[in-house]
Amino acid sequence: MTESVAATAVGPMVLAAVEQYEPVQRRLVDDDLALSFLPAGLRAFTRTTRWSVARRLLIQATERSGPGLWANLTCRKRYIGDKLTQALPNIDAVVILGAGLDTKGYRLARHSAVPVFEVDLPSNIERKHSVVRSALGTVPESVHLVPVDFEKDDLAAELARHGHLSAHRTFFIWEGVTQYLSADGVRSTFEFLRSAAPGSRLAFTYVRGDFIDGTNRYGAESLYRRFRVRSRLWQFGLTPDQVAAFIEPYGWRLIEQAGPDYLTEHYISPSGRNLTASQVEWTAYAEKT
């Protein structure tokens, strides 16, 4: 199953790369490295979307799979990036849990020496090394790649081995991961997050629990069949009204959540794009007390 999960790291970066062909004022996320971090075949495919007709067709195909999915996957990156930028003067390190092919650490390294620790499955970390060397020539000194199996390894020990200090106020990013873990796997990671320094921040995404259990499909029947019926890759979910109580025992205070209304108000409507945001996935933002 871990290899199947690893393969999902590519999809969101394709969407981010495609967004770069939109005019700046219509773009949902800015990421000038996204294209260069993709495998060669997907780079070639993505370049075809420089033409607006090809972009519209790709977005329509994505929307058929999961209505609102395009906006959610792109806007969540924008939201997390905005929160990181706001918090940067008051943090000492960044830890990205399930980094995939994300480029935040490399874009941050252009203007900040704050250490970034990218944590992911060993297969993803091996691929990330290769991708970064190809795109940038070398991994920046401030970025540390940490191979971890979230279900088995001691996350704190692996991070410490790569230089992360538990006393540092850390901005933790846990994007597009929790739904692939068991409930025990999610709680194990929060046990690690319990020891985070006061003032640390956490941005994490989750799939709604009523989608996981099939109570409400939110119009995303194809998505449900793919991830809950055929592959059963998605295992864990929460509902928005459960989040504060779920994270509080681990010492985290919920600051806000970015659901479809938030994404529409702050990102989609200002862009003038005719897109909806999905109820299926939300992003939570919290502070360590």
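The protein chain appears in an unreviewed UniProt entry as S-adenosyl-L-methionine-dependent methyltransferase from Mycolicibacterium neworleansense. As its UniProt record puts it under Function (unreviewed entry), the protein chain is described as follows: "Exhibits S-adenosyl-L-methionine-dependent methyltransferase activity."

Two elements in contact, helix H2 (residues 11–19) and helix H5 (residues 69–87), have axes separated by 9 Å at closest approach and are oriented at 80 degrees. Taken together, the axis directions place H2 and H5 in an arrangement best described as roughly perpendicular. Between H2 and H5, the residues in contact are Pro12, Met13, Leu15, Ala16, Val18 and Glu19 and Trp70, Leu73, Thr74, Arg76 and Lys77, respectively. In terms of residue class, the contact of H2 with H5 is made up of seven nonpolar, one polar and three charged.

A few words on the nonpolar core. A general tendency of soluble globular proteins is for nonpolar side chains to be buried together. Ranked by size, the top nonpolar core spans 60 residues in total, and within it Trp70, Val94, Phe171, Phe211, Leu223 and Trp234 carry the most contacts. Not counting residues up to four positions away in its chain, the partners in contact with Trp70 are Leu15, Val18, Glu19, Leu28, Leu58, Ile59, Thr62, Glu63, Arg273 and Leu275. Residues Ala93, Val146, Leu181 and Tyr250 belong to the second largest nonpolar core, which totals 31 residues.

This brings us to the confidence of the model for the protein chain. Predicted coordinates in areas of low pLDDT are best not read in detail. Averaged over all residues, the pLDDT of the protein chain equals 94, while 96% of them reach at least 70. Every residue in residues 1–7 scores below 50 in pLDDT, and together they form 14 contacts with partners more than four places removed in sequence or on other chains.

This part takes up the sheet that holds strand S4 (residues 170–174). The strands that make up a sheet pair up through hydrogen bonds in the backbone, lying either parallel or antiparallel. Taken together, seven strands build an open sheet; the order of strands is S3-S2-S1-S4-S5-S7-S6 and the sheet is mixed. Lying at the two open borders of the sheet, with one neighbouring strand each, are strand S3 (143–147) and strand S6 (252–258). On average, each strand axis in the sheet is inclined to that of its neighbour by 20 degrees, with strand direction left out of account. When strand S1 (residues 93–97) meets strand S2 (residues 116–120), the two strands line up parallel, connected through four bridges. Residue pairing in the sheet places Leu97 in a bridge with Val119 of S2.

Take the environment of Ser123 next. With respect to the helices, strands and loops of the structure, Ser123 is situated in helix H7 (residues 122–136). Judged by its relative accessible area of 25%, Ser123 is partly exposed. Taking the C-alpha atoms as reference points, Ser123 and Asp149, 26 residues apart in sequence, are found 9.9 Å from one another.

On to the pairing of S4. Burial of S4 is extensive: five of the five residues sit out of reach of the surface. Burial along S4 is two-sided: Thr170, Phe172 and Trp174 facing one way and Phe171 and Ile173 facing the other are all buried. Pairing between S1 and S4: four bridges, direction parallel. The residue of S4 that forms the bridge with Val95 is Phe172. Summarising the sheet, S4 and strand S5 (residues 201–207) pair through four bridges and their orientation is parallel. Within the sheet, the bridge partner assigned to Phe172 lies in S5 and is Leu202. Once you follow S4 into helix H9 (residues 183–193) and on to S5, the crossover reads as right-handed.

Time to look at the side chain of Gln179. Mapped onto the secondary structure, Gln179 falls in the loop between S4 and H9. Residue contacts for Gln179: discarding those within four places in its chain leaves Val207, Leu233, Trp234, Gln235, Phe236 and Glu281.

For the rest of this paragraph, the subject is the pairing of S5. A large share of S5 lies buried, amounting to six of its seven residues. Direction of pairing for S5 relative to strand S7 (residues 281–288): antiparallel, over a ladder of seven bridges. Each residue of the ladder has a partner; that of Phe204, found in S7, is Ala284.

Moving on to the environment of Lys288. By the element assignment, Lys288 lies in strand S7. Between the C-alpha atom of Lys288 and that of Leu42, which follows or precedes it by 246 residues, the distance is 39 Å. Once you skip the residues sitting within four places of it in the chain, Lys288 turns out to touch Leu193, Arg194, Ala196, Ala197, Pro198, Gly199, Ser200, Tyr250, Gly251 and Trp252. At 3.1 Å, the side chain of Lys288 forms a polar contact with the backbone oxygen of Arg194.

Taken together, the buried positions of H9 are Gly185, Val186, Thr189, Phe190, Phe192 and Leu193. Relative to the axis of H9, the buried residues are bounded by an arc of 150 degrees and lie together on one face.

Backbone geometry at Tyr218 places phi at a positive 55 degrees, although glycine is not the residue there. The partly exposed category is assigned to Tyr218, whose relative accessible area is 21%. Positive phi, close to 55 degrees, is recorded for Arg232, a residue that is not glycine. The class of Arg232 is partly exposed, set by a relative accessible area of 46%.

About the thresholds
Residues numbered from 1 in each chain as written. Predicted model: local features only at pLDDT ≥ 70, side-chain atom pairs only at ≥ 80, totals over all residues. Heavy atoms only, no water. UniProt positions renumbered as here; feature names shortened; annotations may be inferred. Axes fitted to C-alpha atoms, helices over the stretch in contact; angles between N-to-C directions. Helix = DSSP H or I, 4+ residues; strand = E, 2+ residues; numbered from the N terminus. Parallel < 35°, antiparallel > 145°, perpendicular 65-115°, else oblique. Contact = heavy atoms within 4.5 Å. Nonpolar A, V, L, I, M, F, W, Y, C, P; charged D, E, K, R; others polar. Core = buried A, V, L, I, M, F, W, Y, C linked by side-chain atoms within 4.5 Å. Buried < 20%, exposed > 50% of the residue type's maximum accessible area, 1.4 Å probe, protein only. pLDDT = per-residue confidence, 0-100. Pairing = 2+ DSSP bridges. Right-handed = clockwise from strand over helix to strand, strands pointing away. Polar contact = N/O pair within 3.5 Å; in protein donor to acceptor, adjacent residues only side chain to side chain. Arc of directions from axis to C-beta.

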